[in-house]
Amino acid sequence: MQVCDQELFNFDFFPEDLSEFMDESCLDPSVLLNDQLGWMDDLNHDGTLMQLEVPESPNPNGQKRAQKQTDKSRVKRKKQRTSQSQRCARVKKRKTDEPVTLEVNAELIVSQGLDPVTVPTLTDQTGELCTPPPLVRVSPAQPGAPIPLQFITIPDSPGYKVVQLSSSPPPSLIRLPLPSMTATPTYIFVPATPPTCKRQVPPHSPVDGAVAPVLMSSFPPGSLSDTASKAMSPCYTSPPSPCNELPPCKEPPKYPTVVEIPKGVKDYIQQYKAHMAERSQAIEAGLTLTSHYVDVQVIRREILRLGKNTNKCLDMELIITGDIDRQKNSVGHSQIFSSLNEDKCKRYILLFGKAGMGKTTLIKKLCLDWSKDRTPQFDFVFVLDGKQLTLTEPVYSLQTLLLSVSSFASPCTDLDGVYAQILAASKRVLIIFDGFEELRDYEMLLQTLEKELVTSLQKDSKLQSFTIRQLFSAILQRVLLPGCTLLLVTRPRGAASQLLRRADSLLELSGFTTTHIETYLSKYFPDSELRDAAVDHLKSSSYLNLLCWNPGLCHLVCTVLERSKCSEALPRTLTGLCHQVICLKIERDRSAGTPDESQTEEQSGHETQSKVIDSCRARRSLRSHSTSSRGAGCAQRAKRTKRQEKQQETVNEDDCQEAEKELLSQLSSLAWEGVKSNKSNSSILPAEQALSTKLREFGLRTGLLVSQRLRTKTDKRGREGQDGEGGGKEDKNESGGVEDGEEKVKEMDINAVDDGGDLLLWANSFLRSFMAAVHLSLSRTVPERSFLQILPFQTSAKARRKPQRGEFELTQRFAVGLLFQSRTELNRLHSYTETVFRDMVASKQALVTKHLEGLSFSDLSPAQVLELCNYVHETGFTHEESCGETGSRMLNHLAANLPERLTFRGVPLSPPETFIVQNALKRGGAEVRSFCLDLEDSGIQIRGLRDLVGLSNINTYRACIADVITLWEQLKQSGEDEFLQGAVSKFKIHPLKATQVCHIEHLEKLVSIHVRKKLSASSSQSDSFLADGVPAVRELLKLEFELGPENGPLVLPKLWDLLPGLQNLQHLDLEKSKIGDKGAEKLADALVTLSSLEILNLSQNCIGDEGVKKLALTFKELPKLHCLSLYSNVISDEGAESLAAVLPHMASLTELDVKYNKMTDVGAQILGASLKNCTKMKTLRMWNQCIPYGMFERLQQQDSRILWH
């Protein structure tokens, strides 16, 4: 074998550091793992490597010869060591001022039985030096495949070079000789150092966050400590310690990759944006985004996981935060599609809001922003309407759905090109789902698709067609366009556990603030005089002003204010508001038709009168001898004809009113059928209910109904697609392809879309519920027995299990309120005689009164108490004296029976509902009653909190600590010292259960105020009303820290800082907080100041021997501690010895729980022996599987206070 002479190479033109030239493109790490390289055999005795040897010529058939040459070369290696050193010395003496290039034309192979490969030349034909190729390139070591090596010049630099690669094979060596050196340097290719993965072995005395072994907790019969028994399970395993498990890899910010867009697609995008900008402008009749849009806040929400029940409603799982926290979590429209760090993009976003909060309006605003290039991260935005689910024909493809059937679809000449761009850059596509009434509608679409259907969907064939439901499901389940961003818009009702697990961002529309209401009024009333009058009227009606918190109700209020002449005529309830809006719509429709009819009637009267006069004149001209009496008869006949026409007009007007009442009755019946059906998209009038032409036109004219045109599929011949549910099916032959012949004749052009029939929808959800209530309360077709079953707060088991929707609850509220409205005003809504109507209303009114007054308030939940207050409010404010007396009696009954400890914990309180509660409590004050209010986790606004706290009959109150502190600061700034003093003294926080991170943060701020005795940290003087600190902090006796092992460690440092300020604390529960030994040391320092502590629960906190040693020194300093739980930690015999040493010094201790730790029979005997010196100890629970049964039984026989559980 011939050896390449390194003297032919000049190594001066390469830099000394080769690391910048070494990357994964230079080296295939998989080949370096090949043992056939045999680099271990090439090591000399002095640790260097021999020079690279290659065959003289590439002989494909010389495999045996190459093997012999390899064997001979290995025999000669000892002899070659000296020659190699001498040769390197000779090269070093040469002058190498200018680089010498070498053109290698020989073909070299590595003698491993592989085929030869040509080594590229290092110079071009002109003799100039070319760009150096990669240092080493090794192809995968496949049998019979060559391993090409490229030789390049290397600078004259002694020593070794270490280059780290990002791959992870074991270190491999490549020997490359350098000139003028006594030894041959070696370049070592090593992988990047992988992160060490420590095995999670429970230590004897664990570090912070150690894990209790499964063996210790495989048979927990229970703990008698205060809350330890809650977390016991037959196979409990603590989560891994944060200090032992690998930290998650932080990915760099990822943005959708910008794919080059063809010019034709760019032109379509611009056309689509212009079309969307035009179509998305309209909000309602006469209102546009440009002229009437008010930018409302969007709030980020979080979910509290509640147990393993997947059927929890979203209302129960959403964390309700305070007013201050909501303001902190508000985001702008540009941040909707980004995470909290504004870098990582969100892909599954859920936006929800109650009825009328402006969800659809916000979607149009987002579309308008995209059309104005304000959201550049998306190339395409498509809006899919849930109402399209009514189209059941399997004639749609994904291409047709997006480009032809979506809400703002624009005509496109190159559907295939645009669709190909959508598929190529799906990460730059935003799909918005709107038109779904509730979350459960999405849940139905998240049911697992059949495998055959999934396969068919993923084929993406133009000849395949599916139903809208199937395509929606495939998009939501990421079968189609898996990289796109989804924005799902709905109301926060119904079960949606699957949807919540998929969503990575939860957003909520917060509604109008006072500033937003003023802005909306200024845009609705462009005339300054009319606007000022509307503002004055609105300020005089507090309830209407607070109803404007809901944008949809704010529009209805403006409709009433537009026609209102005085503030006394304004409605005072939600029922009265909707009633006035209905009446205004009917009057507007009637007045719209009056001018033409009156003009026609007037012309008809003039024609009749002129005919009579002309007839008389003709008679006089023809009969000159006619007497004056006959002329007088003509005049009398003319008067009689005019009087008859007036009577006919009255009859026609009465007939018109009767016709309107009949049409309203039919609409109300349709509304009730939609509300009680409990179907998705209940705003749509069912297609099977054929509406007469008169009813349809009446609903559209009055604005109660709107028409929405949906485009449906047609084939090439204009024939409408076949009905059916078999989407995704196609005729196939045995080979799986589409059959030829007849199928080609029947083939449908699935891209052809025509406008189909209209969908009739209710224009407003509030008016729809009101019309349904009209049918319940004012129709004789609903008997009293059926009406009674529809009333709220039914006691039957079936009624309790039946979930109620927002529309149904609102309908119940309107049905109660209508019975207490003025009968004169209700005459427009019925066609009965006065006697029949009076008797019917009186009978149903008596049923409602008896039902509501017969309720047991102790059996009502906080949400039901609030709903009862809403019902009573609808009955108590009416302009009719008889109804007003009944309503006032019901309000007095409510105030007299409300529980003294009135809690709305966990029930969202909107501004109008806060006003209703305030009225009920005021009436209770007149009854000489006082209340203790619990408003924690209710989301009440600060202005509503101020109104309730200011009531004289409120003894104590609880609310979000941050909101309360803000209220105190506002009162101090306004100089309301007396109010401030009362607000501080009434505030209570005992007992406090911290379930959110913000709870500890707020408590830390309150304790800081208590310690420094002043509201503002920058103030130099303490506040007089805080001379003794904050009463709520002084009176806090119990603190439960229930943030769990995930969130608990995040705020433990804050807890250690605030604990010394809680000097009167008696009960501290830190179960399952992952304290560890380091946290135990911090806790020990804080416990020294808690001299009043009586109960301490440290169960399941990964505390080991070192932590117990620190805590034991503190335990004997707590004179009142009588209950201590160290259940399910990792305490061994050493820790048991530390506890045994201090037990005799804990004079008040009566209960100790150390079950399911790591102590053996040695530790058990030590504790048992120490127990003899504890006369007040009543129970010692210390069993675990490491203690033999026999030993434990002997310990029990020696001392009966030792228990199994």
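Presented here is an overview of the structure given in this document. All values derive from a computational prediction rather than experimental measurement. (Residues numbered from 1 in each chain as written. Predicted model: local features only at pLDDT ≥ 70, side-chain atom pairs only at ≥ 80, totals over all residues. Heavy atoms only, no water.)

Some remarks on the overall build of the protein chain
And step 1. Check the secondary structure of the protein chain and you find 42 helices and 27 strands.
And step 2. Across the 1205 residues that make up the protein chain, the buried fraction comes to 50%.
And step 3. Here the protein chain displays about 58100 Å² of accessible surface, and carbon together with sulfur accounts for 50% of that area. (Helix = DSSP H or I, 4+ residues; strand = E, 2+ residues; numbered from the N terminus. Buried < 20%, exposed > 50% of the residue type's maximum accessible area, 1.4 Å probe, protein only. Areas by Shrake-Rupley, 256 points an atom, 1.4 Å probe, with all protein chains shown as cover.)

Looking at the packing of aromatic side chains
And step 1. With the rule as written, the count across this model stands at 23 aromatic pairs.
And step 2. Aromatic pair Trp 672 and Phe 808: ring centres 6.0 Å apart, planes at 35°, arrangement tilted. Here Phe 808 lies in helix α26 (residues 806–818) and Trp 672 lies in helix α20 (residues 628–676), a separation of 136 residues in the sequence. In terms of burial, Trp 672 and Phe 808 fall into one category: buried.
And step 3. Considering the side-chain rings of Trp 1183 and Trp 1204, the 5.9 Å spacing of their centres and the 45° angle between planes classify their relative orientation as tilted. Of this pair, Trp 1183 sits in the loop between β26 (1179–1181) and α42 (1189–1198) while Trp 1204 is found in the segment after β27 (1202–1203), placing the two residues 21 residues apart along the sequence. (Phe/Tyr/Trp six-rings, centres within 6.5 Å; stacked < 30°, edge-to-face > 60°.)

Notes on the sheet that holds strand β17 (residues 901–903)
And step 1. Here we have 3 strands laid out as an open sheet, ordered β17-β18-β19, and parallel in their pairing. The open sheet has two edge strands, β17 and β19 (954–958), and neither has a second partner. Neighbour-to-neighbour, the strand axes of this sheet turn through a mean angle of 20°, independent of strand direction.
And step 2. In this structure, strand β18 (residues 931–934) lies alongside β19, joined through 4 bridges in parallel fashion. Residue Leu 933 lies in a different strand from β19, and its bridge partner there is Tyr 957. (Pairing = 2+ DSSP bridges. Axes fitted to C-alpha atoms, helices over the stretch in contact; angles between N-to-C directions.)

A word on the packing of helix α35 (residues 997–1012) against helix α37 (residues 1044–1058)
And step 1. Relative orientation of the contacting elements α35 and α37 amounts to 10°, with a least axis distance of 9 Å. Relative to α37, α35 is oriented roughly parallel. Residue-level contacts link Val 997, Ile 1000, Glu 1001, Leu 1003, Glu 1004 and Val 1007 of α35 to Asn 1047, Val 1051, Lys 1054, Leu 1055, Asp 1057 and Leu 1058 of α37.
And step 2. Across the contact of α35 with α37, the residue classes break down as 7 nonpolar, 1 polar and 4 charged. (Parallel < 35°, antiparallel > 145°, perpendicular 65-115°, else oblique. Contact = heavy atoms within 4.5 Å. Nonpolar A, V, L, I, M, F, W, Y, C, P; charged D, E, K, R; others polar.)

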